[in-house]
Amino acid sequence: MAAANYHWSEDQFLCSICLDVFNDPVTIPCGHNFCKNCITEHWNTSDQYRCPMCKEAFTNRPKLRVNTFISEMVGQFRDKAQQEASSSSSSSELQESKPGEVLCDVCTGPKLKALKSCLDCLVSYCETHLEPHLTASRLKRHQLIDPVENLEDRMCMKHDKPLELFCKTDQTCVCMLCSVLDHKTHEFVPLKEEYEEKKAELEETEAEIQQMIQKRRLKIQEIKHSVDLSKDDADREMAEGVRVFTALKESVERGRAEFIDTIEKKLKTTKKQAEAFIKELEQEICELMKRSTEVQQLSRSEDHLHLIQRVQSVNSAPPTKDWTEVNVCQPLYEETVRNAVAQLEETLSEEMKKLVQAELKRVQQYAVDVTLDPDTAQPNLILSEDGKQVHLGDVTKNLPDNPERFSLCVSVLGKQSFSSGRFYFEVQVKGKTCWFLGVVRESINRKGLITLSPEESLWSIWLRNGNEYEALDDPPVRLSLKCRPEKVGVFVDYEEGLVSFYDVDSAALIYSFTDCSFTEKLFPYFSPSLNYGGKNSAPLIISPVSVK
């Protein structure tokens, strides 16, 4: 038979997925063959059951059946390939080298794997070419080591001897001659000993690196968790925003409908009044036209007696209404618009109040324990023992003029500094007619007058003259507050560049500095201001934060 002499090639037994000889070959309905594991993994990772070769799609996942014919042929091919491989190898079973292995320097044909390297010959040998070093008495004295590349680097360039010692004094590898000639007063150890020491150091370094890797992985988890929390916050804020805007939209639409209805009712009332007047006028016109006809007929009569007798009845007709002062009342539509807008403004104000109340509750979660720093207090200021209150005294205390202390401005900073994240604190200002509150950069001028603006490292608000509130922005912003704050909350988001002030009791936003650039440490800033004859002697008090 012709098939008996047919020679199978490896290409005929390759799986088109793994490109290797079939392993457990199976056939699918289109007739193509694959390794069982290959086609199974292929369909496990695909959303459709298609043939990788002809792309035929199957509605249901086909059952895989072993192709016994191909399986037998693959077995025969493997056996034949192994026989050819064993017959082609040399009797010493030498193998050609693999990538990354040291090659024999002597082989002229295919380079075989080196078994040893000679430090005297500076040559690497395979099993065949190594034999003289194992049998010849002269070569037996050569120093053989496990095969390495770049043998020249393992020899002393000065004495042409193997590098066998490590000079601890010079931290370098040396040969035996170096130890007795050039480094005779130095400290030496065998390379193996130094190797063990360096290996131990590397293990410590590896442990440190693994610890650093672990810390960074934990940091990645922390960052991912922060992103998840941020997403939760964003979803919550988005839902709240949608609720607010939906409520406002409904309020606007409701106000619009009520406004149109009111206008239409006013117009309808006006029309009804006008129609009544018109109807009455038309009735009078009909009566007047009848009288006019009677008068005309009577005036044409030549009967003297009849005219005289009828004149009195014509003149005694019912009197008509005096329409001179009668007008249709014009409604004021502008008032309707104003009332509708006022109602909408009230609804918006209520929603804003709800939002600020929720916002204040959130920022209060970042409350920190702030205490006053006596080393920064201007000498006229008096601080309480617990560092929570400050007011202006009458006597200038003799205090060290350290760099941190304010010398002219009656100011004091908090002990706590912040260079990242968010923080919040509250200050009672009840009973005062003048005060300053805010945050400052560490580099603020402490030995002269302070320019009250963010450009000079200060973000604050102040009260002066008992009722004038200003945000000390650039330029200052006059604040119109519905009520006098008795407790002020200060919130800072360092990364966001935000400083906000709240009226804690009424849960109202006083003012926000936005897009601030923070590059230094920030400190809480307090100034009780001057006493003004005792009118402003009440202290500023740092209060514990209570979330309502």
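Everything that follows concerns the structure shown earlier in this document.
Residues numbered from 1 in each chain as written. Predicted model: local features only at pLDDT ≥ 70, side-chain atom pairs only at ≥ 80, totals over all residues. Heavy atoms only, no water.

Q: Which parts of the structure should I look at to understand the pairing of strand β21 (residues 498–503)?
A: In summary, the side chains of a regular strand alternate between the two faces of the sheet. When you tally the buried positions in β21, you get five out of six residues, the bulk of the element. Relative to β21, strand β20 (residues 487–493) runs antiparallel, the two sharing six bridges. Bridge pairing links G489 to Y502 in β21. Taking the residues between adjacent antiparallel strands as the criterion, β20 and β21 are bridged by four residues, where G497 takes a positive phi near 70°. (Buried < 20%, exposed > 50% of the residue type's maximum accessible area, 1.4 Å probe, protein only. Helix = DSSP H or I, 4+ residues; strand = E, 2+ residues; numbered from the N terminus. Pairing = 2+ DSSP bridges.)

Q: Which parts of the structure should I look at to understand the nonpolar core?
A: Nonpolar side chains tend to gather and get buried jointly when the protein is soluble and globular. Judged by nonpolar contacts, the single largest core of 37 residues is most densely connected at W435, I461, V499 and F526. Listed in part, the 17 residues of the second largest apolar core include V26, C35, I39 and C51. (Core = buried A, V, L, I, M, F, W, Y, C linked by side-chain atoms within 4.5 Å.)

Q: Would you explain helix α7 (residues 304–315) in this entry?
A: Every α-helix carries 3.6 residues per turn, so stepping three or four residues along brings you back to the same face. Taking 1.5 Å of rise per residue, twelve residues should cover 16 Å, and α7 covers 17 Å from first to last C-alpha, within 8% of that figure. Between the side-chain oxygen at the start of α7 and the backbone nitrogen of L305 there is a gap of 3.2 Å, and the oxygen is on D303. (Expected span 1.5 Å × (residues − 1). Polar contact = N/O pair within 3.5 Å; in protein donor to acceptor, adjacent residues only side chain to side chain.)

Q: Would you mind going over the sheet that holds strand β17 (residues 458–464) with me for this structure?
A: Strand-to-strand pairing in sheets goes through backbone hydrogen bonds, with the strands running parallel or antiparallel. The six strands are arranged β14-β23-β16-β17-β18-β19 in an open sheet whose pairing can be described as antiparallel. The sheet is open, and its two borders are formed by β14 (412–413) and β19 (477–479), each paired with just one other strand. Judged from the six bridges that link them, strand β16 (residues 435–441) and strand β23 (residues 522–527) form a sheet pairing that is antiparallel. What sits directly across from L437, in β23, is F526.

Q: What's the story with the packing of aromatic side chains in this structure? I'm lost.
A: The description of an aromatic ring pair uses the distance of the two centres, along with the angle that the planes make with each other. Inspection of every chain in the model, using the stated rule, returns 13 aromatic pairs. Ring geometry for F418 against F423: centres 3.9 Å apart, planes inclined by 10°, an arrangement best described as stacked. In this structure F418 comes out as buried when scored by relative accessible area, which is 14%. Arranged with centres 6.2 Å apart and planes meeting at 70°, the rings of F501 and F513 form a pair that is edge-to-face. (Phe/Tyr/Trp six-rings, centres within 6.5 Å; stacked < 30°, edge-to-face > 60°.)

Q: Any chance you could explain the packing of helix α6 (residues 191–299) against helix α8 (residues 333–363) here in plain terms?
A: α8 packs onto α6 with a crossing angle of 165° between their chain directions and a minimal axis gap of 9 Å. Considering the angle they form, α6 stands roughly antiparallel to α8. Along this stretch, α6 crosses α8, giving a crossing that reads as right-handed. By residue class, the composition of the contact of α6 with α8 is 13 nonpolar, four polar and seven charged. (Axes fitted to C-alpha atoms, helices over the stretch in contact; angles between N-to-C directions. Parallel < 35°, antiparallel > 145°, perpendicular 65-115°, else oblique. Left-handed = near helix turned anticlockwise from the far one by under 90°. Nonpolar A, V, L, I, M, F, W, Y, C, P; charged D, E, K, R; others polar.)

Q: Looking at this structure, I do not really get a nonpolar patch on the surface. What am I missing?
A: A cluster of nonpolar side chains, namely L177, V180 and L181, defines an oily patch on the protein surface of about 250 Å² accessible area. Here V180 shows up in helix α5 (residues 176–180). (Patch = residues over 30% accessible without salt bridge, like charges linked within 9 Å, V, L, I, M, F, W, Y side chains within 5 Å. Areas by Shrake-Rupley, 256 points an atom, 1.4 Å probe, with all protein chains shown as cover. Salt bridge = Lys/Arg side-chain N within 4 Å of Asp/Glu carboxyl O.)

Q: Teacher, can you tell me more about the sheet that holds strand β9 (residues 165–167) here?
A: Taken in spatial order, the three strands make up an open sheet running β10-β9-β11, and their pairing is antiparallel. Each end of this open sheet is capped by a strand with a single partner; those strands are β10 (172–174) and β11 (188–190). Taking each pair of neighbouring strands and ignoring which way they run, the sheet shows an average axis angle of 35°. In this fold α6 packs onto β9, β10 and β11, with an angle of close to 85° to the strand it touches most, β11. (Contact = heavy atoms within 4.5 Å.)

Q: What's the story with α8 in this structure? I'm lost.
A: With 31 residues, α8 should reach 45 Å at 1.5 Å per residue; the first-to-last C-alpha distance of 45 Å fits that figure. Taken as a whole, α8 has its buried residues at T336, T347, E351, V356, L360 and V363. Against the buried residues of α8 lie α6, β15 (422–428), β20, β21 and β22 (508–513).

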